[in-house]
Number of protein chains: 2
Amino acid sequence: MSEAFRLGIAGLGTVGTGVLRLLADNADLLHMRAGRPIEVAAVSARDRSRDRGIDLASYTWCDDPVALADLDGLDAVVEVIGGSEGPALTLAERALGRGRSVVTANKAMIAEHGFALAQTAEAKGAALLFEAAVCAGTPILQTLREGLVGNRIDRIEGILNGTSNYILSAMERQGEDFDAVLSEAQRLGYAEADPTLDVGGGDAAHKLAILAALGFGVRPHFGEVEVEGIQDIRAADIVQAERLGYSVRLVAMADLEREDGVPARLLQRVRPCLLPADHPLAAIDGPTNAVLAQSDYAGPILIQGAGAGSESTASAIVADVVALARGDARPAFGVPTSSLVQTACADSGEREARYYLRFVVADRPGVLAELAAAMRDARVSIQSLIQEGESVGPEEAGITIALVTHKAPARNIRDARERLKGSPSIVEPPLAMPILMD
Amino acid sequence: MSEAFRLGIAGLGTVGTGVLRLLADNADLLHMRAGRPIEVAAVSARDRSRDRGIDLASYTWCDDPVALADLDGLDAVVEVIGGSEGPALTLAERALGRGRSVVTANKAMIAEHGFALAQTAEAKGAALLFEAAVCAGTPILQTLREGLVGNRIDRIEGILNGTSNYILSAMERQGEDFDAVLSEAQRLGYAEADPTLDVGGGDAAHKLAILAALGFGVRPHFGEVEVEGIQDIRAADIVQAERLGYSVRLVAMADLEREDGVPARLLQRVRPCLLPADHPLAAIDGPTNAVLAQSDYAGPILIQGAGAGSESTASAIVADVVALARGDARPAFGVPTSSLVQTACADSGEREARYYLRFVVADRPGVLAELAAAMRDARVSIQSLIQEGESVGPEEAGITIALVTHKAPARNIRDARERLKGSPSIVEPPLAMPILMD
């Protein structure tokens with residue numbers, strides 16, 4: 001086993017160069033732990049001449065990343081190009097199709113095409129590993145697949161998007177509104193120029209679909225993740241939540257309903273929630289990610305760490321590479337694809353919770369009565385009115401009404417919001433956040 | 001790979017029967033994930049006739065656990081007898097000596113004899129796995145060995161003893177003294193009849209020595225762990241700490257000093273500390289365990305969960321068994337024993353920290369001057385006197401003086417305590433707890 005394990009790396013952005021640096025910095029350690037040296041034999045990127053601060057002369061250069069699928073003498077390909085389709089997918093399909101193992105950080109590709117890719121890998125005796133796709137170097141997939149291998153897991157909750165968590169924690173700390181904090185996050189490098197995928201919940205949804213498939217042993221169902229982002233949350237909502245004893249967090253949650261012990265219905269949701277102070281995710285602050293898995297024998301297991309960054313992502317990729325170099329072959333989703341259960345989508349409308357509801361309404365008589373009537377007609381009962389009549393801002397035409405409901409099914413909350421749609425009293429769409437109990 | 005993986009289980013206490021239950025409850029899942037069925041073929045325990053609520057008729061019975069080392073047709077032995085020597089050690093030595101893999105939950109045995117056992121395993125091509133020995137089913141060893149395999153780790157901090165953490169959190173919540181809370185913990189099953197190993201820090205020391213060896217790639221040095229327990233902490237100390245913004249926790253800490261990148265000196269300490277509210281371990285409440293590893297690429301990684309209990313321990317044992325059934329062979333401490341570095345013991349006296357010091361002194365004039373003089377002579381400078389002259393209790397002859405020092409080396413603190421030893425003013429030995437900074 002002393003022969004070198006030879007890699008091709010497709011993509012030399014911050015993650016790709018991070019992998020090169022890690023492999024160089026910790027080469028001796030990796031050799032010792034893997035039982036053989038790990039070498040980069042070939043690389044591919046868009047621009048060969050760009051200065052990456054790394055000498056690429058010793059690697060075979062491929063202009064076309066897909067060429068790494070066919071290049072002789074490679075043991076595995078690391079795909080860090082990104083994008084759910086395009087060259088990343090073509091490379092993965094082609095490499096696996098000829099029996100070459102693939103390590104990727106590509107959450108969108110795995111969430112959307114992971115099942116088909118895993119089938120190809122299995123048919124050709126190759127491995128498809130993607131630890132870096134969820135929470136970067138925080139080894140959550142491995143914890144689910146290996147550490148908790150003896151357990152049935154029926155519920156996974158996580159804070160899976162560092163940008164959103166950074167923004168919510170900063171809003172909490174600084175009392176500032178979303179837009180102000182987003183600009184600051186962009187300036188500090190915690191948010192992309194186009195933050196839609198992060199603050200809109202899409203990024204967390206990709207990760208959640210992967211976690212649910214691997215944790216529960218079901219086929220990935222990315223298209224069924226219900227997603228709501230944090231864009232409409234105001235500093236005032238966070239202040240209200242705090243007064244009630246809660247933190248606002250963008251929580252990704254997957255829940256498996258079984259029938260006779262067999263996975264039957266899958267609920268997957270990404271949405272801002274109110275967390276009580278003693279909820280393990282309430283304390284997760286800043287750009288940190290965390291996942292809480294409810295397992296039948298080991299109980300609740302929480303793992304937390306950085307969820308992004310070139311160094312952290314490189315750590316996850318190298319962990320997968322070392323596993324391959326050691327000869328560990330593992331089905332992509334923990335079990336053969338034929339054993340992954342095809343579940344139905346659970347009806348989220350049935351789920352009951354108390355809700356925080358916040359309305360921005362016109363400042364005129366009778367508005368509160370109109371709200372109360374809509375709630376009554378939707379069979380949502382109000383537990384307490386926590387804010388009434390505070391003006392939203394000097395330039396805006398609305399005042400704020402915030403309330404907490406008694407436990408109600410999600411569909412009744414939706415119904416109440418539906419009933420108020422189009423009402424001239426409603427200045428902006430109401431915000432609804434469930435209160436998660438421990 | 002569809003042939004069954006056959007186990008012998010030595011020890012049928014709560015953990016052994018927990019393993020039998022898990023293997024039965026999740027048999028289908030395990031078969032799917034391991035790629036082959038996992039079967040118990042033989043068992044051994046002290047009393048064959050004891051009712052364990054489990055039908056043992058289908059297993060070969062051995063009166064002598066050591067017989068499982070030689071019994072034909074076993075693929076591995078699970079050792080859950082306990083005790084660092086005696087039949088547990090004899091069984092492990094003998095099984096590994098004949099090339100049979102061993103899975104154990106025995107922290108004392110691994111901390112004290114793990115290196116020699118790993119050498120035997122290596123020489124004979126067998127595996128020695130012990131995930132259950134540290135934090136039960138919370139998969140920390142696997143996280144260090146696999147998830148963070150690409151990283152250099154130089155610092156590990158943990159809350160490794162659930163009993164002590166339960167007691168400290170309860171003292172914090174209820175404002176009661178150690179003895180009262182210990183009795184309650186014993187009644188609720190969170191503490192043993194003889195709690196010495198837990199509250200005295202010995203149990204955490206065993207776990208710390210294993211974590212340090214595996215995390216840092218050094219030989220286990222259990223004998224060099226500095227240990228202080230929580231027995232002398234009073235409710236008043238916790239109240240003072242809270243007023244200063246800190247939580248009191250029994251922290252196990254291992255720290256590696258390198259020379260030219262090579263492990264040189266190892267510091268291992270178990271002792272009660274004051275943690276600031278934003279330290280990730282400060283929020284760990286009740287019987288929960290948690291480990292924080294500082295890694296060079298993945299950054300700080302925290303994993304937390306149950307640290308004891310038959311079900312959680314069974315989860316860890318089964319994870320190791322599945323790894324063996326899949327054919328993963330891993331050196332016991334992550335690298336071959338010949339690569340484990342023999343480190344020197346770091347001089348803990350050099351480590352600087354601010355300290356919380358609490359004295360119980362005779363109620364008479366001049367005592368504070370005597371304390372202050374001892375501190376001055378030991379070159380410990382007092383930052384603030386936070387309590388002075390509060391009577392310890394109606395029946396006791398002392399009053400309490402609590403203070404916080406400026407940063408000082410541990411040896412100066414020891415010196416100050418030494419100088420006061422034997423003084424008629426000192427009613428009980430002073431308590432000293434370092435303040436951990438984030």
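Reading the values: rules and limits
- Residue indices begin from 1 for each chain and proceed along its sequence in written order.
- Working convention: letters from A go to chains and numbers from 1 go to ligands, in the order in which they are written.
- Only residues with pLDDT of 70 or above have their local features reported here, since the model is predicted, and side-chain atom pairs are shown and tallied only from 80 upward, although totals for entire chains, interfaces and linings are computed over all residues.
- Remark: hydrogens and water are excluded; side-chain values derive from all non-hydrogen atoms of the structure.
- For two strands to count as paired, DSSP must find a minimum of two bridges between them.
- Each helix is a run of DSSP H or I of at least 4 residues and each strand a run of E of at least 2, with the numbering of both proceeding from the N terminus.
- Contacts: residue pairs with any heavy atoms within 4.5 Å of one another.
- Here an axis means a line fitted to C-alpha atoms, over the contact stretch when the element is a helix, while the angle between two N-to-C directions is reported on a 0 to 180 degree scale.
- What makes a nonpolar core is a set of buried Ala, Val, Leu, Ile, Met, Phe, Trp, Tyr and Cys residues whose side-chain atoms join them at distances within 4.5 Å.
- Remark: exposure states derive from per-residue accessible area (1.4 Å probe, protein chains only) relative to the maximum for the residue type, with buried under 20%, exposed over 50%, and partly exposed in between.
- Buried area is calculated as the accessible area (1.4 Å probe) missing from two parts once they are joined, with the contributions of both summed.
- What counts as a salt bridge is simple: a side-chain nitrogen of Lys or Arg found within 4 Å of a carboxyl oxygen of Asp or Glu.
- Under this grouping Gly is polar, as are all residues other than the nonpolar Ala, Val, Leu, Ile, Met, Phe, Trp, Tyr, Cys and Pro and the charged Asp, Glu, Lys and Arg.
- Expected span of a helix: the number of residues minus one, times 1.5 Å.
- Superposing copies: least-squares fit, C-alpha atoms only, residues required to have pLDDT of at least 70 in both.
- Planes of paired rings set the category: under 30 degrees apart is stacked, over 60 is edge-to-face and the rest tilted, where pairs are Phe, Tyr or Trp rings (Trp by its six-membered ring) whose centres lie within 6.5 Å.
- Roughly parallel means an angle under 35 degrees; roughly antiparallel, over 145; roughly perpendicular, 65 to 115; everything else is oblique.
- Consider the strands pointing away from the viewer: the crossover is right-handed when the path from the first strand over the helix to the second runs clockwise.
- What pLDDT expresses is the predictor's confidence in each residue, scored from 0 to 100.
- Should the near helix be turned anticlockwise from the far one by less than a right angle, the crossing is termed left-handed; should it be turned clockwise, right-handed.
- For the purposes of these results, a polar contact is taken to be a pair of N or O atoms within 3.5 Å, where, inside protein, one atom must be able to donate a hydrogen and its partner to accept one; residues adjacent in sequence count only when each atom of the pair is a side-chain atom.

Undergrad: Can you help me understand the sheet that holds strand β2 (residues 38-44) of chain A in this one?
TA: Within a sheet, adjacent strands bond to each other through the backbone by hydrogen bonds, running parallel or antiparallel. Residues and elements named next belong to chain A. Judged by pairing direction, the sheet is parallel, and its 6 strands sit side by side in the order β3-β2-β1-β4-β5-β6 without closing on themselves. At either margin of the open sheet sits one strand with a lone partner, and together these are β3 (60-62) and β6 (128-129). Inspection of the sheet shows strand β4 (residues 76-79) paired to strand β5 (residues 101-104) by 4 bridges, in the parallel sense. For valine 78, the partnering residue across the bridge sits in β5 and is valine 103.

Undergrad: Would you mind going over the sheet that holds strand β3 (residues 60-62) of chain B with me for this structure?
TA: All names here are of chain B. Spatially, β3-β2-β1-β4-β5-β6 is the arrangement adopted by the 6 strands of the open sheet, whose pairing is parallel. Every other strand in the sheet has two partners, leaving β3 and β6 (128-129) as the edge strands with one partner each. As judged from the 6 bridges shared by strand β1 (residues 5-10) and strand β2 (residues 38-44), these two strands associate in the parallel manner. Pairing of isoleucine 9 across the sheet is with valine 43, part of β2. The strands touched by helix α1 (residues 14-25) are β1 and β2; relative to β1, the strand with the most contacts, the crossing angle is about 155°.

Undergrad: What's the story with the nonpolar core in this structure? I'm lost.
TA: If you look at soluble globular proteins, the nonpolar side chains tend to sit buried side by side. The biggest cluster of nonpolar side chains holds 174 residues, and the ones touching the most others in it are Leu128, Phe130 and Ile167 of chain A together with Leu128, Phe130 and Ile167 of chain B. Apart from residues lying up to four places away in sequence, phenylalanine 130 of chain A is in contact with Thr104, Ile110, Leu141, Ile210, Leu214, Asp320, Ala332 and Phe333 of chain A.

Undergrad: How should the interface of chain A and chain B be read in this particular structure?
TA: Frequently, the measure chosen for interface size is the accessible area removed from exposure when the parts meet. Residue-level contacts link 46 residues of chain A with 46 residues of chain B. Summing both sides of the interface, chain A and chain B together bury roughly 4,000 Å²; the carbon and sulfur share of this comes to 49%. For the chain A face of the interface with chain B, the top three residues by lost area are Arg33, Val149 and Tyr297 of chain A, together amounting to 20%. The shortest N-O distance in the salt bridge between arginine 326 of chain A and glutamate 146 of chain B comes to 2.8 Å. At the level of elements, α1 (14-25), α2 (27-34), α5 (140-147), β12 (299-306) and α11 (310-326) of chain A are the ones that each hand at least two residues to the side of chain A that touches chain B. Partitioning the side of chain A that touches chain B into residue classes produces 19 nonpolar, 16 polar and 11 charged. Sheet analysis places β12 of chain A next to strand β12 (residues 299-306) of chain B, joined by 3 bridges and oriented antiparallel.

Undergrad: What's the story with α1 of chain B in this structure? I'm lost.
TA: With 12 residues, α1 of chain B ought to run about 16 Å at 1.5 Å a step, and its terminal C-alpha atoms sit 16 Å apart, in line with that. Packed against the buried residues of α1 of chain B are β1, α2 (27-34), β2 and α11 (310-325) of chain B.

Undergrad: Looking at this structure, I do not really get the relation of the copies chain A and chain B. What am I missing?
TA: For the pair of chain copies, the relating transformation is a rotation about an axis with a translation along it. Mapping chain A onto chain B leaves a residual RMSD of 0.0 Å; the transformation is a rotation of 180° accompanied by 0.0 Å of translation along its axis. In short, the pair behaves as if placed about a two-fold rotation axis. Using C-alpha coordinates, one finds that chain A approaches the rotation axis most closely at isoleucine 303 of chain A, a distance of 2.2 Å. Same-surface contact between copies: 100% of interface residues of chain A are shared with the interface of chain B.

Undergrad: Please explain helix α5 (residues 140-147) of chain B as it appears in this structure.
TA: Spacing of three or four residues puts side chains on the same side of an α-helix, whose turn is 3.6 residues. The buried fraction of α5 of chain B amounts to 8 of the 8 residues, a majority that puts the element mostly inside the structure. Within α5 of chain B the residues assigned to the buried category are Ile140, Leu141, Gln142, Thr143, Leu144, Arg145, Glu146 and Gly147 of chain B.

Undergrad: In this structure, what is going on with the packing of aromatic side chains? I would like to understand it.
TA: Any two aromatic rings considered together are summarised by their centre-to-centre distance and by the angle between their planes. Residues and elements named next belong to chain B. Tallied over the full model, the rule gives 4 aromatic pairs over all chains. The interplanar angle of 50° and the centroid separation of 5.3 Å between the aromatic rings of phenylalanine 130 and phenylalanine 333 together place this pair among those described as tilted. Of this pair, phenylalanine 130 sits in the loop between β6 and α5 while phenylalanine 333 is found in the loop between α11 and β13 (344-345), placing the two residues 203 residues apart along the sequence. Considered together, phenylalanine 130 and phenylalanine 333 belong to a single accessibility category, that of buried residues.

Undergrad: When you look at the packing of helix α6 (residues 162-174) of chain B against helix α10 (residues 235-244) of chain B in this model, what are you seeing that I'm missing?
TA: Between two packed helices, the angle of one axis relative to the other and the distance separating the axes together describe the packing. Residue and element names in this part refer to chain B. Viewed as axis vectors pointing N to C, α6 and α10 meet at an angle of 75°, and their least axial separation amounts to 9 Å. By the angle between their directions, the pair α6 and α10 is classed as roughly perpendicular. Facing Leu168, Met171 and Glu172 of α6, the residues of α10 in contact are Ala235, Ile238 and Glu242. Counted by class, the contact of α6 with α10 contains 4 nonpolar, no polar and 2 charged residues.

Undergrad: Could you clarify how one ought to interpret the pairing of strand β5 (residues 101-104) of chain B in this entry?
TA: On any regular strand, side chains alternate: one points to one face of the sheet, the next to the other face. Residues and elements named next belong to chain B. A two-sided burial pattern is seen for β5, the buried positions comprising Ser101 and Val103 on one face and Val102 and Thr104 on the other. Following the backbone out of strand β4 (residues 76-79), through helix α3 (residues 86-97) and into the adjacent parallel β5, one traces a crossover that is right-handed. Of the strand pairs in this sheet, β5 and β6 are connected by 2 bridges, and their pairing is parallel. Bridge pairing in β6 places valine 103 opposite leucine 129.

Undergrad: Can you walk me through the confidence of the model for chain A in this structure?
TA: Interpreting fine coordinate detail is not advised for predicted regions of low pLDDT. Here chain A averages 94 in pLDDT, and 98% of its residues register 70 or above. Predicted as a complex, the structure gets a pTM of 0.95 and an ipTM equal to 0.94.

Undergrad: When you look at the packing of α1 of chain B against α11 of chain B in this model, what are you seeing that I'm missing?
TA: Residue and element names in this part refer to chain B. Interhelical geometry of α1 versus α11 gives an angle of 65° and a closest axis separation of 8 Å. Taken as a pair, α1 and α11 cross one another with a handedness that is right-handed. For the pair α1 and α11, contact is made by Thr14, Val15, Gly18, Val19, Arg21, Leu22 and Leu23 and by Ser310, Glu311, Thr313, Ala314, Ser315, Ile317 and Val318, respectively. In terms of residue class, the contact of α1 with α11 is made up of 7 nonpolar, 5 polar and 2 charged.

Undergrad: Sorry, what's going on with the pattern of salt bridges here?
TA: Where charged atoms from two side chains of opposite charge approach closely, those side chains can pair. Residue and element names in this part refer to chain B. All told, the structure shown has 56 salt bridges over all chains when counted by the stated rule. Residue aspartate 70 is joined to arginine 94 by a salt bridge in which the shortest nitrogen-to-oxygen separation is 2.7 Å. You can see aspartate 70 sitting in the loop between β3 and β4 and its partner arginine 94 sitting in helix α3, a full 24 residues away along the chain. Here arginine 94 falls in the partly exposed class, since its relative accessible area comes to 44%.

Undergrad: Would you take a moment to explain the environment of aspartate 296 of chain A for this structure?
TA: Along the chain, aspartate 296 of chain A turns up in the loop between β11 (288-295) and β12. Judged by its relative accessible area of 31%, aspartate 296 of chain A is partly exposed. A sequence separation of 281 residues divides aspartate 296 of chain A from valine 15 of chain A, and the C-alpha atoms of the two residues are 36 Å apart. The contact partners of aspartate 296 of chain A, leaving out residues within four places of it in the chain, are Asn151 and Arg152 of chain A together with Asn26 and Glu311 of chain B. In terms of polar contacts, aspartate 296 of chain A uses its side chain to reach the backbone amide nitrogen of arginine 152 of chain A, at 2.9 Å.

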